[in-house]
Amino acid sequence: MLPEEDLLALADTGRTKDGTPFSDLPQITNPCTGDVSHYGPFGPRGWQDEYCEWSVERDSQGNILRIDFTCENPEYWNTLWAVDPNKVLELYRSTLGKRQIALEDLYLMAPSTGRPAYNPLNRWNSGPVSTASQGGAMHLTSTPNTLQTEIGLASAATVPRPVGNSNPQTLICCAQYGQPARNSDPHIGLSVNQLVAPPNPQRPSNKATLANPPGLYIQMPDFSGYQTRDQTNAAEFWTIVRGTSSPTDPDGRPMPGNYILHATFRVPPNKRYTVSDITINGQKIRWAGQVAQTFLMQITGMGLAQPSRAPVQNCVGVPSTELAQPLQLFHSSVFSALVGTHVPNFMGVPMNLASNSTLIAPTVRAGDTNVPMVLTALLPDVSALPTVTFDGGGITVQVQDMKSVDYAVPGNTYPGRVAALRILVSVQADARRAHGVCSSPVRGRRRHRRRSPQRCTSRPGRPPRACPCPCSRIALASRWRRCCLPLAVPGTGPPGKRLWGGPLPSRRRGLRLPPVRPPPALHRGSTVGASRFWSSARRCLRTSARWWARKTRTASPGSSSSR
């Protein structure tokens, strides 16, 4: 165990107090499997992996001038960039207080879509150090710090397990919904699981979802231990730049906790002293981690009481049949640029920018032909090219070739090897009027069978029926069963749901979530905001997790999930 001063130095700089980097520290042991590995995640500030990241600005004497804390997910900024890059630039300048930021600082290259691609590790959102020429913390960059991971973790934690829910580490080793030995994942999973299956049998069990807008949010710090030089209340130096401290639902009712997305801690220049002159419990602030230790992160769950308890499912094991699993779909030029961009990191391991991509469906316009794209996938057999098909009709694909690449699929801690399929996608002009149909998995090399569209209903103890998909979806067919991945076609499906769909990428090879459409809302009128997309997505993931958990078999524990 390292001394507290070294831990704080590592959090702020990636090095201990004497300058030892992460790469020279002892390896860590997974408490679930006993596997030994280097400390991860990797990346410019990958070690800040508890859904809160920060950057520090100091003067020439090393005194802290300003700390930026953020918990904003990268999916938001990638989506906003696709809508209005200039708005992203405006928010970067106002949030970080740096008018010198230019638009060209934020993008990577011009993809086949004709627009520059957003660079999540641009010079103003990379690393733990902020200066006038580079650095800053605009949104999360550690590879497991994504909204998809947060939703997936909470949804997978809704399944009761035979080990009970009194010990967070025992539960996470059984359910494998996150990374053990962290502050966040075991605690979040335990809290959600106890909502579904209360330890007190007198309390009712619940169906669980996440309050809208879903995410993990910064809470207000406890300033009771702070002492400033001139007796000013230190809370005055805490500024909420994005988000709110007093959230309410559409009916004006207060929500629990705070929904802070970005906050700064900074002493105004007219005070003639710095953050480093403030003490916390008698200790001068030398590291941003000291401030981080005074506040919590919160994810808000919602429960709907049920007359009976959810069935207990076996611990997650390794399936007897390996599945072909599609992971992500990219425009070809975007993927090439991401994979071709090296990411420096303190571990000194090979890492590319694809590890900071997000699960946002790329857009292809109706009528476009031979659009070059790349589909990444896990294939049990790479000796032959698989067949790639689209549900819904009007969309065809040609598989050109396949190669292996290494990157951390969104939600994973460590990079891994996957297959990258180079494909050409063509969309008929009337494809937007067609809806995909969720179909049953098939074996062998037969073409997949379709089921007729039916009313989506949720039946106790049974998976939802097959139903029309809300967007065109891509399926990967091989000698093994197949799953679905979304391809958004403008105008296809209900408004606000064009990006929904696809499996939750497994943080271990043993978890595959079949595509299903979510049942009707469990608790209408109880969500906050107007994010129909994420409301639909979290219902989908929750239902899918429960369905697939029923199908897993008892097996000896395999490798742990690698958040």
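Rules and cut-offs
- Residues numbered from 1 in each chain as written.
- Predicted model: local features only at pLDDT ≥ 70, side-chain atom pairs only at ≥ 80, totals over all residues.
- Heavy atoms only, no water.
- Pairing = 2+ DSSP bridges.
- Helix = DSSP H or I, 4+ residues; strand = E, 2+ residues; numbered from the N terminus.
- Core = buried A, V, L, I, M, F, W, Y, C linked by side-chain atoms within 4.5 Å.
- Buried < 20%, exposed > 50% of the residue type's maximum accessible area, 1.4 Å probe, protein only.
- Axes fitted to C-alpha atoms, helices over the stretch in contact; angles between N-to-C directions.
- Contact = heavy atoms within 4.5 Å.
- Phe/Tyr/Trp six-rings, centres within 6.5 Å; stacked < 30°, edge-to-face > 60°.

Attention shifts here to the sheet that holds strand S10 (residues 279–280). Within a sheet, adjacent strands bond to each other through the backbone by hydrogen bonds, running parallel or antiparallel. Across the sheet, three strands lie side by side as S7-S10-S11; this open sheet has antiparallel pairing. Both outer strands of the open sheet, strand S7 (226–227) and strand S11 (283–284), are each paired with one neighbouring strand and no more.

With that out of the way, let us pick up the nonpolar core. Formed by 27 residues in total, the largest nonpolar core has its most connected members in Trp54, Phe69, Tyr226, Trp238, Phe265, Ile285 and Val291. Breaking this core down by element, the ones donating at least two residues are strand S3 (53–58), strand S4 (64–70), strand S9 (259–266) and helix H7 (288–292). The next biggest cluster of nonpolar side chains, apart from the first, holds 25 residues, and it includes Leu121, Phe330, Val349 and Val374.

Turning next to the sheet that holds strand S18 (residues 416–427). If you trace the four strands from one edge of the open sheet to the other, you get S14-S15-S18-S17, paired in antiparallel fashion. The sheet is open, and its two edges are formed by strand S14 (325–331) and strand S17 (395–407), each paired on a single side. The average angle at which neighbouring strand axes cross in this sheet is 25°, direction not considered. Across twelve bridges, S17 lies against S18 in antiparallel orientation. In the sheet register, Gln398 faces S18, and the bridge partner there is Leu424. Its contacts with the sheet place helix H8 (residues 332–339) against S14, strand S15 (371–378), S17 and S18, and it is angled at close to 100° to S14.

Aromatic rings considered in pairs are described by the distance between their centres and by the relative angle of their planes. In this structure the tally under the stated criterion is 19 aromatic pairs. Plain terms: the ring middles of Phe22 and Tyr39 are 5.1 Å apart, the flat faces sit at 15° to each other, and that makes the pair stacked. Here Tyr39 lies in the loop between strand S2 (36–37) and S3 and Phe22 lies in the loop between helix H1 (4–13) and strand S1 (28–29), a separation of 17 residues in the sequence. Considering the side-chain rings of Trp47 and Phe346, the 5.2 Å spacing of their centres and the 70° angle between planes classify their relative orientation as edge-to-face. Here Phe346 lies in the loop between H8 and S15 and Trp47 lies in the loop between S2 and S3, a separation of 299 residues in the sequence. Residue Trp47 is classed as buried on the basis of its relative accessible area of 7%.

By themselves, these figures tell us nothing about what the structure is for.
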